[in-house]
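Structural overview for review
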Amino acid sequence: MPESKREPGVADYEKVICQIKDVLGARLVTAPDGSISEIHIMAGSNRNPKQIVRDVESALLIQLGITVDHKKISVVQVQGQELTGEVAEDKALYRSTCMPLRLVSLNLYTRGLEAEATVELEAGLSGTIYQGYACGPNTPERHLWLVADATLNAVEKYSCGIWNLALEDLVLVEVAHRRAALCVIVLVSQAGYEYLAGVALVKGDDRQAAAQAVLRALNCRSCVYGSAG
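In what follows, the accompanying structure is described. Going along each chain's sequence as written, the residues are numbered from 1 onward. The predicted origin of the model limits local features to residues at a pLDDT of at least 70 and limits the giving and counting of side-chain atom pairs to 80 or more, whereas totals for whole chains, interfaces and linings rest on all residues. Hydrogens and water are ignored here; the side-chain numbers use all heavy atoms of the structure.

**Quick word on the nonpolar core**
Our working rule: The set of buried Ala, Val, Leu, Ile, Met, Phe, Trp, Tyr and Cys residues whose side-chain atoms join them within 4.5 Å is what this entry labels a nonpolar core. Relative accessibility thresholds used throughout: buried, under 20% of the residue-type maximum; exposed, over 50%; partly exposed, between the two (1.4 Å probe, protein chains only). The way it works is that DSSP assigns letters per residue, a run of H or I at least four long becomes a helix, a run of E at least two long becomes a strand, and they are numbered from the N terminus. Contacts were defined at the residue level, with two residues in contact if any of their heavy atoms lie within 4.5 Å.
Counting 41 residues, the largest nonpolar core has Leu121, Val155, Leu167, Leu170, Cys183, Ile185 and Leu218 as the members making the most contacts within it. Per-element tally for this core: the top contributor is helix H4 (residues 140–158), with 10 residues. Here Val155 is in contact with Leu101, Leu121, Trp163, Leu165, Leu215 and Leu218, once residues within four sequence places are set aside. Counting 19 residues, the second largest nonpolar core, distinct from the first, contains Leu28, Ile36, Val53 and Ile73.

Dropping the structure here:
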């Protein structure tokens, strides 16, 4: 029998809507049966709200095959020709509220002088997967860094490019007679930059602990972390 197609979730709707010109953020309200009851949109002031509503209807129909009654869509506009850094950053935070990222899988491949890491993160309950990638020298000391860099790359994709993330340091430490991965990352946005730290106990796999440490560092900033399944 043919495989059934996954029904789009809240994250899928918000991702489509946030790609529309002048849309800064979107929040969906669903009914108990999972259907959409309200769509709230924050947008810039450069376009007519009716045009934004029409674009939302068209985008959802074309990309997800979903027809939405325009009466369920409300638009609030922010004055100003240019978005401030705070508003731009809020777009990512608005989308990520109550939608933790969960580590689904990670892989490390070695080929001669090079190594590459791939990490998959799942957003909330929607099942949307974000894949991160990193490559570098094939040395044991760099393997954990590549996994952490791949995790950051996946989070950047989740943020739609609003965040620029870099790994400042990553070490394995001894604490309470246990090993743990400790990382420091820098988050750069239009509002400026800040340093974040995260730690995860090693539970048999150093690489998984490195990826979890990155997510926990971001958890203190924007609630993107979810425990692994």
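**Remarks on the packing of aromatic side chains**
Convention followed: When the centres of two rings from Phe, Tyr and Trp lie within 6.5 Å, Trp using its six-membered ring, the rings pair. Their planes under 30 degrees apart give stacked, over 60 give edge-to-face, and anything left gives tilted.
Scanning all chains against the criterion turns up 1 aromatic pair. Residues Tyr193 and Tyr195 carry aromatic rings whose centres are separated by 6.0 Å and whose planes lie at 90 degrees to one another, so their mutual orientation is edge-to-face. On the basis of relative accessibility, which here comes to 51%, the residue Tyr195 falls in the exposed class.

**Observations concerning the sheet that holds strand S7 (residues 164–175)**
As a reminder, the rule being used: Any two strands are treated as partners once DSSP identifies two or more bridges connecting them. Axis definition: a line fitted to C-alpha atoms, over the contacting stretch in the case of helices. Angles run 0 to 180 degrees between N-to-C directions.
The antiparallel open sheet is built from 3 strands, whose spatial order is S7-S8-S9. Both outer strands of the open sheet, S7 and strand S9 (192–201), are each paired with one neighbouring strand and no more. Strand-to-strand twist across the sheet, computed as the mean angle between neighbouring axes with direction ignored, equals 15 degrees. Note that S7 and strand S8 (residues 178–189) share 11 bridges and pair antiparallel. Note that in S8 the partner of Asn164 across the bridge is Val188. Of the strands in this sheet, S7 and S8 touch H4, which is tilted by about 140 degrees from S7.

**Here we look at the pattern of salt bridges**
Note the cut-off: Salt bridge, as used here: a side-chain nitrogen of Lys or Arg that lies within 4 Å of a carboxyl oxygen of Asp or Glu.
What the rule picks out here adds up to 5 salt bridges. Close ionic contact of Asp55 with Arg47 constitutes a salt bridge, the shortest N to O distance being 2.4 Å. On the accessibility criterion, Asp55 (21% relative accessible area) is partly exposed. Given a relative accessible area of 17%, Arg47 falls into the buried group.

**Comments concerning the packing of helix H1 (residues 10–18) against helix H2 (residues 49–64)**
Two measures define how a pair of helices packs: the angle their axes make with one another and the distance between the axes. Basically, it comes down to this: Each angle gets one of four labels, with under 35 degrees taken as roughly parallel, over 145 as roughly antiparallel, 65 to 115 as roughly perpendicular, and the rest as oblique. Definitions for this section: a left-handed crossing has its near helix turned counterclockwise from the far helix by less than a right angle. A right-handed crossing has that turn clockwise. Charged means Asp, Glu, Lys or Arg here, nonpolar means Ala, Val, Leu, Ile, Met, Phe, Trp, Tyr, Cys or Pro, and polar covers whatever is left, Gly included.
Viewed as axis vectors pointing N to C, H1 and H2 meet at an angle of 125 degrees, and their least axial separation amounts to 9 Å. With respect to their mutual orientation, H1 and H2 come out oblique. H1 and H2 meet at a crossing whose hand is right-handed. Within the contact between the two elements, H1 uses Asp12, Tyr13, Val16 and Ile17 and H2 uses Val56, Ala59, Leu60, Gln63 and Leu64. For the contact of H1 with H2, the residue count by class is 7 nonpolar, 1 polar and 1 charged.

**A few points about H4**
As a reminder, the rule being used: Helices are assigned an expected span. That span is 1.5 Å times one less than the residue count.
Spanning 19 residues, H4 covers 29 Å between terminal C-alpha atoms, matching the ideal 27 Å at 1.5 Å per step. Once H4 ends, the next one or two residues include Cys160, with phi positive near 60 degrees.

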